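Inside the fold
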Amino acid sequence: MKAISIVYLIEKLEKVQRIYKEGNYLMVKTLKAKYSIMDGSNLAHDFKSGETYGVIPYLTAHFNDHNINNLARHLERLTGNTFLTLDSALFDVIEHAINGAKNLIQVEQKIKNHYGVRFVKFMRHGVKIADNLITYPPNFDTMRVFNLPLKGDT
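Here's a quick rundown of the structure.

Thresholds, definitions, all that
- Residues numbered from 1 in each chain as written.
- Predicted model: local features only at pLDDT ≥ 70, side-chain atom pairs only at ≥ 80, totals over all residues.
- Heavy atoms only, no water.
- Helix = DSSP H or I, 4+ residues; strand = E, 2+ residues; numbered from the N terminus.
- Rg over C-alpha atoms; globule rule 2.2 N^0.38 Å.
- Buried < 20%, exposed > 50% of the residue type's maximum accessible area, 1.4 Å probe, protein only.
- Contact = heavy atoms within 4.5 Å.
- Areas by Shrake-Rupley, 256 points an atom, 1.4 Å probe, with all protein chains shown as cover.
- Lys, Arg positive; Asp, Glu negative; His and termini not counted.
- Charge placed at Lys NZ, Arg CZ, Asp CG, Glu CD.
- Arc of directions from axis to C-beta.
- Salt bridge = Lys/Arg side-chain N within 4 Å of Asp/Glu carboxyl O.
- Pairing = 2+ DSSP bridges.

**Observations regarding the overall build of the protein chain**
Scanning the protein chain from N- to C-terminus turns up six helices and eight strands. Counted from the first residue to the last, the protein chain has its helices and strands arranged as α-β-β-β-β-β-α-α-α-α-β-β-β-α. By the compact-globule yardstick of 15 Å for 154 residues, the protein chain is too spread out, its C-alpha radius of gyration being 22 Å. Classification of the 154 residues of the protein chain by burial places 33% in the buried group. Sequence separation of 24 or more characterises 36% of the internal contacts of the protein chain that already satisfy a separation of 6 or more. For the protein chain, the accessible surface area stands at approximately 10000 Å², while carbon and sulfur atoms represent 51% of it. Positive and negative side-chain charges in the protein chain, numbering 20 and 15 respectively, have mean positions lying 5 Å apart.

**A short note on the side chain of Thr60**
Locating Thr60 in the fold gives a position in helix 2 (residues 55-63). On the basis of relative accessibility, which here comes to 14%, the residue Thr60 falls in the buried class. With residues up to four places along the chain from it excluded, the contact list for Thr60 reads Asp65, His66 and Leu71.

**Brief notes about helix 4 (residues 90-98)**
Given 3.6 residues per turn, any residue in an α-helix points the same way as the ones three and four places further on. Every buried residue of helix 4 is listed here: Leu90, Phe91, Val93, Ile94, Ala97 and Ile98. Relative to the axis of helix 4, the buried residues are bounded by an arc of 150° and lie together on one face. Set apart from the buried face of helix 4 by more than 90 degrees, the exposed residues are Asp92 and His96. For helix 4, the elements touching its buried residues are helix 5 (104-115), strand 6 (120-122), strand 7 (126-129), strand 8 (132-135) and helix 6 (143-146). One or two residues past the end of helix 4 sits Gly100, with phi positive at roughly 85°.

**Quick word on the pattern of salt bridges**
The full count for this structure, using the stated rule, is two salt bridges. For Asp131, the salt bridge goes to Arg73, with nearest N and O atoms at 3.2 Å. Placement of Asp131 in the loop between strand 7 and strand 8 and of Arg73 in helix 3 (residues 68-79) is noted, with a sequence separation of 58 residues between them. Taking the shortest distance from any N to any O, the salt bridge between Glu95 and Arg144 comes out at 2.2 Å. Here the residue Glu95 occupies a position in helix 4, and Arg144 occupies one in helix 6, the gap between them amounting to 49 residues. Assessed through its relative accessible area of 25%, Glu95 is described here as partly exposed. You can call Arg144 partly exposed: its relative accessible area is 30%.

**Some thoughts on the pairing of strand 2 (residues 25-30)**
Successive residues of a regular strand alternate their side chains across the two faces of the sheet. As paired elements, strand 1 (residues 16-22) and strand 2 share six bridges and run antiparallel to each other. Bridged to Ile19 within strand 2 is Val28. If you look at the hairpin formed by strand 1 and strand 2, you'll find two residues sitting between the two strands, and Gly23 has a positive phi there, around 65°. Relative to strand 3 (residues 34-38), strand 2 is paired through four bridges, and the arrangement is antiparallel. Bridge pairing in strand 3 links Leu26 to Ile37. Between strand 2 and the antiparallel strand that follows it, strand 3, lie three residues.

Shown next as structure tokens:
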């Protein structure tokens, strides 16, 4: 997938009044800002605030959200493209975590370590990893998880 253009985002998320060339720079005037688009860099400098934005900092500022998954969801709604995809090996990772685990905390910790997240919780209808609830597939034996003791020797 190609990089998302900062100009595209500004056009989609702000009321653009005018786009024009000024010397070597593309200028984008909106109701709230005047941006100078730096040639070939996909950066926008806002003259009013003095800030220079790439795509992620622009989205973070616009949506007032630092959660990269939430920003990806905003982009999905905005562009119609998919940015977040389910790891096809997720349930293999879960099976591997269950094997040899003495309790549920060990299973959750193995998954946390694998994905580099802080939160994993097995729930009735799915497993919540970070801020994403993934429903169990029909062939997944949830009792292998829920029959494990909650705590014990770690």
